[in-house]
Amino acid sequence: MLIVGAGLSGIGAAHHLQEAFPWRSYAIFEAREELGGTWDLFRYPGIRSDSDMHTLGYRFRPWTEAKSITDGPSILEYVRQTAQDGGIDAKIRFNHRVVRAAWSSEEARWTVEVERSDGEAVRLTCSFLWVCGGYYRYDEGFTPEFEGADRFRGELVHPQHWPEDLDYDGKRVVVIGSGATAVTLIPAMAERAAHVTMLQRSPTYIASLPAEDPIANRLRRVLPDRAVYSIVRWKNVLLQTFVYQLSRRRPQAIKRLIRRGLERGLPAGYDIDKHFTPRYNPWDQRMCLVPNGDLFATISAGRATVVTDTIRTFTEEGIELDSGERLDADVIVTATGLNLLFLGGIELSVDGETVDVPQTMTYKGMMLSGVPNLAFTVGYTNASWTLKADLTSEYVCRLLAHMDAHGYRKGVPEITDPGVEETPLLDFTSGYVLRSLDKFPKQGSKEPWKLRQNYVFDLRSIRRGAIDDGAMQFSSLQARPAREKISA
Ligand SMILES: Cc1cc2nc3c(=O)[nH]c(=O)nc-3n(C[C@H](O)[C@H](O)[C@H](O)COP(=O)(O)OP(=O)(O)OC[C@H]3O[C@@H](n4cnc5c(N)ncnc54)[C@H](O)[C@@H]3O)c2cc1C
């Protein structure tokens, strides 16, 4: 087994794998020199989760801290501890970027090509490839072309590459963007900056949640950690599923609820229509959550201002807007998003044929039609990532057990039902999704090709659904001995 990526998903995958098959040999190849993925890469002020740790945490490892919406370093520590406790860290080969993988049906093996950061190329084989490479490019965040950007004399920073020594004490800061990163950065930077301006082209739905879960903290006094975790995890799953379903079916009700929260958090007479009322419905794009209304408190205290306008050009001093307004700045942060990337950028081929990923369809949101012995972990877009990551791990372990029990060497999802129609993978209208959707696989109109984005539904189909469901095709090739073996 080869797991690609030592982030939250890769470490979780390894835990499930070694629990289910202690005898199986596996390795984790990680392109970077540290584990933790997202939670190690992003170092901007205030970096935190925007979902609760009772659902962003692993099912198998209770989150026991008081804060439920927590900071990046605490999440990184949680992932590190999981890796250490299970001896998973010893299986990681850092500085190993997987670039290509070729499947041979004759050998029932993947031949994997790896680039090491010292320039050395490595090639090895494995019987199953499990890609936990996240969903975006690590080398480069997304920055639109801004006219005159090179004229700006201050510091221009992307949150994905935060300079460790960036000094913004007493400085004027403009943060471009209105997504999760912008709303995290603004209260954190406002603590030291002279003033922070949030410059957004259009508003996002933003709701406040308590950073600590009072029910969890009260239950902890009387129940063991594992019981509390399970109860609070279910409470949050059901609540989030309810809010999401209500947003899709009764958007007006949710809009009213969000508005009431904004009216409570922002100063009287604040122009909520202009700055906090999007043109789309809740959950057409990802919703932002702010712990304890910190963003609203910062705005109310006069330490941050929201400007809703478009950029005409950067100038030496800052930004000139289409309205004619000028925003002078010492530091400009482009919180303009990520560049999405599927399968960690790995090129695939099956029996000599290149796999054209956009021509494939996702099976249960974790395998690709026509691609044998390969799974990938991608979390939910409307709930915590790890809920789906854990389910994916459970399914991969069930699949491997089924193959072992029947002596199968190859398992491949095939579209055998002629009634399955292609639809786009995600129905989000966010710019970063639309920009990249053509590089992603499709989903299908029916099970098991349809992506439900619904944990409760997936529990039934992924945790309990039949492995031999007609779409998964198995064969028991007589595999030749491996040319090389991964010894981890
Ligand atoms: C700023 C930020 C905040 C977020 N907050 C939340 C949140 O609150 N809740 C939530 O549910 N989700 C959140 N997400 C999504 C988040 O990415 C996931 O929650 C989760 O951390 C993903 O874990 P992962 O291991 O799947 O991917 P990553 O964390 O991206 O890790 C992938 C790892 O794979 C490695 N890798 C990639 N390609 C290759 C390759 N070809 N070869 C070798 N190694 C490779 C990378 O180097 C990396 O270490 C957030 C994302 C960002 C960017």
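A word on the sheet that holds strand β14 (residues 311–314)
Strand order in the open sheet made by the three strands is β14-β15-β16, with antiparallel pairing throughout. With partners counted over all chains shown, the strands left at the sheet margins are β14 and β16 (326–328), one partner each. Averaged over neighbouring strand pairs, the angle between their axes works out to 20° when direction is ignored. Inspection of the sheet shows strand β15 (residues 318–321) paired to β16 by three bridges, in the antiparallel sense. Within the sheet, the bridge partner assigned to Glu320 lies in β16 and is Arg326.

Some thoughts on the layout of surface pockets
A water-sized probe, rolled over the atoms, reveals where empty space remains. As a volume, the second largest pocket reaches approximately 910 Å³. In terms of lining, the second largest pocket is formed by 35 residues, of which the most central are Ala207, Ser208, Leu209, Val243 and Leu289. A total of eight residues in the lining of the second largest pocket trace back to one element, the largest contributor, which is helix α8 (residues 251–265). Residue classes in the lining of the second largest pocket are distributed as 18 nonpolar, nine polar and eight charged.

Considering a negative patch on the surface
Judged by side-chain charge, Glu155, Glu164, Asp165 and Asp167 come together as a negatively charged surface patch. In this fold, Glu155 is placed in strand β8 (residues 155–157). Using a relative accessible area of 41% as the deciding quantity, one classes Glu155 as partly exposed.

Cut-offs and rules
- Residues numbered from 1 in each chain as written.
- Predicted model: local features only at pLDDT ≥ 70, side-chain atom pairs only at ≥ 80, totals over all residues.
- Heavy atoms only, no water.
- Pairing = 2+ DSSP bridges.
- Helix = DSSP H or I, 4+ residues; strand = E, 2+ residues; numbered from the N terminus.
- Axes fitted to C-alpha atoms, helices over the stretch in contact; angles between N-to-C directions.
- 1 Å grid on protein atoms, 1.4 Å probe; cavity = no way out; pocket = protein on both sides within 12 Å on 5 of 7 lines; lining within 4 Å.
- Points joined across faces, edges and corners; volume = space filled by probe spheres on them.
- Nonpolar A, V, L, I, M, F, W, Y, C, P; charged D, E, K, R; others polar.
- Patch = residues over 30% accessible without salt bridge, like charges linked within 9 Å, V, L, I, M, F, W, Y side chains within 5 Å.
- Areas by Shrake-Rupley, 256 points an atom, 1.4 Å probe, with all protein chains shown as cover.
- Salt bridge = Lys/Arg side-chain N within 4 Å of Asp/Glu carboxyl O.
- Lys, Arg positive; Asp, Glu negative; His and termini not counted.
- Charge placed at Lys NZ, Arg CZ, Asp CG, Glu CD.
- Buried < 20%, exposed > 50% of the residue type's maximum accessible area, 1.4 Å probe, protein only.

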